[in-house]
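Per-entry structural report
In case you want the letters, here they are:
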Amino acid sequence: MRNDRRYLEVLWAAWWAGLVVVPVNAKLHQREVKWIIENSGARWAFVTADVAPTALQELERQVDVKSHVYDALAQPLDDALAEPLSERESDDLAWLFYTSGTTGRPKCVMLSHRNLMTMGLTYYIDVDPVAPDDFMAYGAPMSHGGPASTPLRT
C-alpha cells in the first residue's frame, strides 16, 4: 500500500494478534511481489487498491484499507486496556523484511520483536537525537520500515 496512517494500524494490529508482517514496497514489480508472497507464505494482504498488484490475487484475502471491510476490521476494542490476542516473547518473529534484491532475488531478513524494539529505542540516541520542538518527515516507503526519518529542527 502507499504510505498511509493505516499502514501503522495494520502493523500494530497484526502484532497484537500474534502475527508476522511482510511489508512489501508498492513500487516493486509484480514478479518480485509474487516471489515475496510465495517465499514468505503470506496469506492476507492489506492494500490501497490503486497500487495492489494482480500478484496478490492468489492470497486467501486482500483488504483495501480504504474500504468498509477494513473499517469493520479496524473497530476499536470495547476495552482499551485489553490484553493482546496472542502473547509474544521478545525473541518471537515479528517482521519478514525483504531486501531490494539489487543483486538478484530479494533476501529475507527475519526481525524479532526485540530487534524492532532495540532499533526503535536506540536510533534516536545513537544517530539522530530529537529535541522537544522537533517534528518528523518520513519520505521513504513505510514498507522499508524503521525510524530512518530525519528530525527537522524548528
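Structure shown above.
Source: prediction; values computed, not measured. (Residues numbered from 1 in each chain as written. Predicted model: local features only at pLDDT ≥ 70, side-chain atom pairs only at ≥ 80, totals over all residues. Heavy atoms only, no water.)

1. Regarding the packing of aromatic side chains
The tally for this structure, following the rule as stated, stands at five aromatic pairs. With centroids separated by 6.0 Å and ring planes inclined at 35°, the aromatic side chains of Trp15 and Trp95 adopt a geometry described as tilted. With Trp15 in helix α1 (residues 5–16) and Trp95 in strand β3 (residues 93–98), the pair connects residues that are 80 residues apart, well separated along the chain. What makes Trp15 buried here is its relative accessible area of 14%. Between Trp35 and Tyr98 the ring centres are 6.2 Å apart and the planes differ by 85°, which places this aromatic pair in the edge-to-face class. A residue pair is termed long-range when its members are at least 10 positions apart, and Trp35 in helix α2 (residues 30–40) and Tyr98 in strand β3 qualify at 63 residues. One exposure class covers both Trp35 and Tyr98, and it is buried. Pairwise contacts between aromatic rings join Trp12, Trp15 and Trp95 into one cluster. (Phe/Tyr/Trp six-rings, centres within 6.5 Å; stacked < 30°, edge-to-face > 60°. Helix = DSSP H or I, 4+ residues; strand = E, 2+ residues; numbered from the N terminus. Buried < 20%, exposed > 50% of the residue type's maximum accessible area, 1.4 Å probe, protein only.)

2. Details of the environment of Pro106
Relative to the helices and strands, Pro106 is located in the loop between β3 and β4 (108–112). For the pair Pro106 and Ile36, spaced 70 residues apart in sequence, the C-alpha to C-alpha distance is 7.6 Å. Excluding anything up to four places from it in sequence, Pro106 contacts Trp35, Ile36, Tyr98, Thr99, Ser100 and Gly101. (Contact = heavy atoms within 4.5 Å.)

3. Some thoughts on the nonpolar core
One finds Leu11, Trp15, Val21, Trp95 and Leu116 to be the most contacted residues of the largest nonpolar core, which totals 16 residues. Within the residue set of this core, elements represented by two or more residues are α1 and β3. If one sorts the elements of this core by residue count, α1 sits on top with five residues. Beyond its immediate chain neighbours, meaning those up to four positions away, Trp15 contacts Val21, Arg88, Ala94, Trp95, His113 and Leu116. In terms of nonpolar packing, the next biggest core, distinct from the first, is built from seven residues, Val33, Ala45, Leu56 and Leu59 among them. (Core = buried A, V, L, I, M, F, W, Y, C linked by side-chain atoms within 4.5 Å.)

4. Digging into the environment of Tyr70
Mapping Tyr70 onto the fold places it in helix α3 (residues 68–73). Between the C-alpha atom of Tyr70 and that of Val10, which follows or precedes it by 60 residues, the distance is 9.8 Å. With residues near it in sequence (within four places) discarded, Tyr70 still touches Arg6, Glu9, Val10, Phe46, Val63, Asp64 and Val65.

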